[in-house]
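One letter stands for each residue in the lines below.
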Amino acid sequence: SITDALGRQATGKSEALLLGPTPGEEGPPEPATYDRLPLEWNKRTVNRFKEKLAERDIAAFLVRDPLNIIYLTGYWHSTTERPQAAFMNGDDADPWFLYPGLDRDLVTSWWFGGGRMYFDFHHAEGAFPHEGKVQQGKKVDLFTFMLEGLKEHGIQGTRIGVDGELYPSEIERVKKVLPGIEFVDVSKILITMRQVKTPEELALWRRAYLYFDRAHAFARDYILTHGTDITDYEVSVATELWINDQLYADLDLADGALHHGVRSGVGIGCRVGPVTGYPHPNQPYYNRIGRGMALQISGGARIGGYGHENYRAFIIADDNGAFDPHMQKLWTVSRDCCDMQMDLSVEGVTCSSVAYRIHKYQVKQGVQKYVYHRPAHGAGVEGHQSPYLALGDYTMMVRNMCFSEEPGLYDPENGCGFNWSNTIVVGKESGYRMSRVPYSKEWCWLKI
């Protein structure tokens, strides 16, 4: 048996039910042995980006979206109201940054080729209290401050690729500080790159799911062991504490050193009863587990920022050991739609066509009343990422795109709902899943 953080015992039998690979199938890669993508990966990614920009006669880039800064440079940081940016010329070996004082150690100790630091938001001219310079100077326009820094650094060519359109007021400031420089929106190039994962990204993603699968097994054991004596909230807290103890013990945390264990952790959710009947409930998940209820174990797991969701939908038998027929219907149709999505996730088809096939099947099965949303969204380090399995999204699927798996069905009137998730990776002949947690009745239909 295994013991959770509260001292309770759990059976420890569920891990034996986790699925192994099917011989000959296209499946997930071997799990990574690293905790984050190495800097060499970022340098190769930047070079790929520069090559794409050069095709458009663009010799420099400026990225301000934190997701793009992280993707290109590997500089993991928290997002607040404080603006940050990374800039590189085609010939620059290292990135130049605009950054706030509170992140000065993070920026300068990673991949750093200079930059401009402001103290904080809002920054007063000449005020740097950490250098003993305390004054109430004029409030600095940080966009202009950045442009002046770029001018000092030097700009290659006359066109800068930027990850988004500039506001008219920003364009006017560009004309004053950098006359003759054109900013070109290249955000589409970046999101297209981020959508299609490299082997290194997928291997790190798979490593996160090793822990995620163990967490699901623990939560299932916990419910089977303690039955109606516990709340859904307790399942969440006990499982999350137990699995993160395993995860963090395995990471190279270097006694809390910077850049170690970045964006890693497993979050576990559990909801039971009426709250399962809503896609995004606004009430707390705090209900005692009872017989005859629907239950969901959910959450997200990441190592080095990579990983995603993993949900399983359960039915708990009633006092007579029987499973409600209506719940069985919704559970079965939603589970079958998950299998459809995996089979249909192949390169060369549109997201809309996959959504169409799934929604048509839901209607054919007579459950249209319980359909509340699209079957899936794209998955990236930010969670929801384009493209979307939605009827209006005609993006062509490309091999190694990643999607959630959520053809859920919800019945708030009867207090039950069933939603699933995983990471489905687009393949050549079918998609494949990152998780090895079963979708079977044996796993999901419980008697307590």
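Residues numbered from 1 in each chain as written. Predicted model: local features only at pLDDT ≥ 70, side-chain atom pairs only at ≥ 80, totals over all residues. Heavy atoms only, no water.

1. Some thoughts on the pattern of salt bridges
Part 1 of the reasoning: A complete count under the given rule lists 19 salt bridges for this structure.
Part 2 of the reasoning: Residue Arg173 is joined to Asp141 by a salt bridge in which the shortest nitrogen-to-oxygen separation is 2.7 Å. With Arg173 in helix α5 (residues 168–177) and Asp141 in the loop between β6 (115–118) and α4 (142–153), the pair connects residues that are 32 residues apart, well separated along the chain.
Part 3 of the reasoning: Through salt bridges with shared partners, one network takes in Arg116, Glu148 and Glu152. (Salt bridge = Lys/Arg side-chain N within 4 Å of Asp/Glu carboxyl O. Helix = DSSP H or I, 4+ residues; strand = E, 2+ residues; numbered from the N terminus.)

2. Concerning the packing of helix α2 (residues 66–73) against helix α6 (residues 187–195)
Part 1 of the reasoning: Look at α2 against α6: their axes get within 11 Å of each other, and the N-to-C directions meet at 60°. What the angle tells us is that α2 and α6 run oblique. The way α2 lies across α6 gives a crossing that is left-handed. Of the residues in α6, those in contact with Leu67, Asn68, Tyr71 and Leu72 of α2 are Leu190, Met193 and Arg194.
Part 2 of the reasoning: Considering only residue class, the contact of α2 with α6 consists of 5 nonpolar, 1 polar and 1 charged. (Axes fitted to C-alpha atoms, helices over the stretch in contact; angles between N-to-C directions. Parallel < 35°, antiparallel > 145°, perpendicular 65-115°, else oblique. Left-handed = near helix turned anticlockwise from the far one by under 90°. Contact = heavy atoms within 4.5 Å. Nonpolar A, V, L, I, M, F, W, Y, C, P; charged D, E, K, R; others polar.)

3. Regarding α6
Part 1 of the reasoning: By the burial criterion, the buried members of α6 are Ile189, Leu190, Met193, Arg194 and Gln195.
Part 2 of the reasoning: In the core, the buried residues of α6 are packed alongside α1 (39–54), β3 (60–63), α2, β13 (383–389) and β14 (402–403). (Buried < 20%, exposed > 50% of the residue type's maximum accessible area, 1.4 Å probe, protein only.)

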